[in-house]
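Per-entry structural report
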Amino acid sequence: MNAIDLFITFFKIGAFTLGGGYAMLPLIEREVVDKREWIKKEEFLDLVAVAQASPGPIAINTAVFVGYKLMGIKGVIFSCLGSVLPSFIVIVLIAAVFTGIKNSPVIEKIFLGIRPVVAGMIFASVFRLGKSARINKISIIFVLLVAIAIWIFKITPIYIILLSIIVGVLRYLKRSNNI
Amino acid sequence: MILKLFFTFFKIGMFSFGGGYAMLPLIQLNVVNQNNWLSHKEFIDIVAISQVTPGPIAINCATYVGYKLAGISGALFSTLGVSMPSIIIMIILTKLVLKVNKAKFFESIFSNLRPTVIGLILAAAILIFNESVFDTRTFFIFILAFVVSLKYKIDPIILTIIGGILGYIIF
């Protein structure tokens, strides 16, 4: 096990996680738990819980966890570089080309079709997440309030996130006091 | 400029809980509304490009905006800015978890964040809908993508490509 191994494994994870998000969890699990045996299965579940509670993309959070556990700060540097580099290269290439061609009629037509697809997929993801989070009547109101606050009242999402974290900590403290 | 890019994306990275779509309203607020670094349409196009390229949306946005405004060094500093907070916070959390098992605590906070995250995503969906759907043709594509994406487990990459082809044919 050396730093180059870490870099290569996370480069691979970074390169094949199209779209990002939870879709990449199975790939990370296969590479880090099954193949490399860098962390145990239970640790992986803890990792997912922590990665969700920490800001930032799951890919980076996983890279930090595994890198730090194996080699400390040095490991973090190599695993994070590995996981960010593929998308960095691709986006720089696209940015270099896209800014030149985005006003061409063909590209404009293609993106006129793609934009509503993005809207449709994001709406679908709201419904899917709502189902898997077992949203009840009270939380539906909460979800709508958050959306309206941002959409109509233009409230900065930062305040809403901070408030939810504070409520979460308070509820945790209350529950552990009751036990 | 480079410092401003770094700090703006640092702020975005710091509050990007929930990952993926949930961070769109915050990115949009900072990048489109406050700084005018991207137009609304360009912003949606980056989201679309992020669907078909590797890497998380926030990082892709940072790299793209940075490159557009200040070239490679801009891309480097915005990408660094957006990943830095999560790296620092994750190192601290990892230390905690490896020492004492505090995973339960974080899980409890996150379960409370979940409705917030869904609300953020809903806001992103509405904002993007408003910018991208303006006639029957775009509405048809929207409904198609929504239904297909909800009913069948179709890869976002394939859906995005189909949208592009449909756009090319009907516009």
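Residues numbered from 1 in each chain as written. Chains lettered and ligands numbered in written order. Predicted model: local features only at pLDDT ≥ 70, side-chain atom pairs only at ≥ 80, totals over all residues.

1. Digging into the overall build of chain A
Along its length, chain A carries 7 helices and 0 strands. Relative to the globule expectation of 16 Å for 179 residues, the C-alpha radius of gyration of chain A, 20 Å, shows a markedly less compact shape. Intrachain contacts of chain A at a sequence separation of at least 6 include 52% that bridge at least 24 residues. (Helix = DSSP H or I, 4+ residues; strand = E, 2+ residues; numbered from the N terminus. Rg over C-alpha atoms; globule rule 2.2 N^0.38 Å. Contact = placed C-beta atoms within 7 Å.)

2. Examining the interface of chain A and chain B
Size of an interface: often given as the accessible area lost when the parts come together. Contacts between the two partners involve 81 residues from chain A and, on the opposite side, 87 residues from chain B. Looking at the side of chain A that touches chain B, the elements that each hand over two or more residues are helix 1 (3–16), helix 3 (41–53), helix 4 (58–101), helix 5 (105–132), helix 6 (137–151) and helix 7 (157–178) of chain A. Here the residues of the side of chain A that touches chain B sort into 56 nonpolar, 19 polar and 6 charged. (Nonpolar A, V, L, I, M, F, W, Y, C, P; charged D, E, K, R; others polar.)

3. Some words on helix 3 (residues 40–52) of chain B
Taking 1.5 Å of rise per residue, the 13 residues of helix 3 of chain B would be expected to cover 18 Å, and the 19 Å separating its terminal C-alpha atoms lies within 8% of that figure. Residues of helix 3 of chain B that are buried include every one of Phe-43, Ile-44, Asp-45, Ile-46, Val-47, Ala-48, Ile-49, Ser-50 and Gln-51 of chain B, and no others. (Expected span 1.5 Å × (residues − 1). Buried ≥ 20, exposed ≤ 12 C-beta atoms within 10 Å, placed from the backbone.)

4. Some details on the environment of Ala-147 of chain A
Its location among the elements puts Ala-147 of chain A in helix 6. Other than its neighbours up to four places away in sequence, Ala-147 of chain A contacts Gly-119, Leu-122, Ala-123 and Ile-126 of chain B.

5. So, the nonpolar core
Within the largest apolar cluster, 109 residues are counted, with the highest numbers of intra-cluster contacts made by Val-118 and Ile-122 of chain A together with Ile-121, Ala-124 and Ala-125 of chain B. Ala-124 of chain B has contacts with Ile-122 of chain A together with Tyr-21, Leu-24 and Pro-25 of chain B, leaving out every residue within four places of it along the chain. (Core = buried A, V, L, I, M, F, W, Y, C linked by C-beta atoms within 7 Å.)

6. A few points about the domain arrangement of chain A
Partitioning chain A into structural domains gives domain 1 (1–101), domain 2 (102–134) and domain 3 (137–179). Computed from C-alpha atoms alone, the centre-to-centre distance between domain 1 of chain A and domain 2 of chain A is 25 Å. (Domains from an automatic or database assignment.)

7. What to know about unusual backbone geometry
Phi at Glu-37 of chain A is positive, roughly 55°, even though this residue is not glycine. For Glu-37 of chain A, the location among the structural elements is in the loop between helix 2 (25–35) and helix 3. Non-glycine residue Asn-36 of chain B carries a positive phi angle of around 55°. If you trace the backbone, Asn-36 of chain B turns up in the loop between helix 2 (24–34) and helix 3.

8. Examining the environment of Pro-55 of chain A
Mapped onto the elements of the fold, Pro-55 of chain A is located in the loop between helix 3 and helix 4. According to the C-beta neighbour criterion, Pro-55 of chain A is buried, with 23 such atoms within 10 Å. Residues Pro-55 of chain A and Ser-125 of chain A, 70 residues apart in the sequence, show an inter-C-alpha distance of 20 Å. Contacts of Pro-55 of chain A, omitting those with residues within four sequence positions, involve Gly-13, Met-14, Phe-15, Ser-16, Phe-17, Pro-85, Ser-86 and Ile-89 of chain B.

9. Structural notes on the confidence of the model for chain B
Atomic detail in the predicted coordinates should be set aside for any region of low pLDDT. Residues and elements named next belong to chain B. Averaged over all residues, the pLDDT of chain B is 87; the fraction at 70 or higher stands at 94%. Mean pLDDT in chain B bottoms out at helix 5 (residues 103–132), which sits at 81, and peaks at helix 6 (residues 136–151), which reaches 94. Model confidence for the complex is summarised by a pTM of 0.82, with the ipTM given as 0.82. (pLDDT = per-residue confidence, 0-100.)

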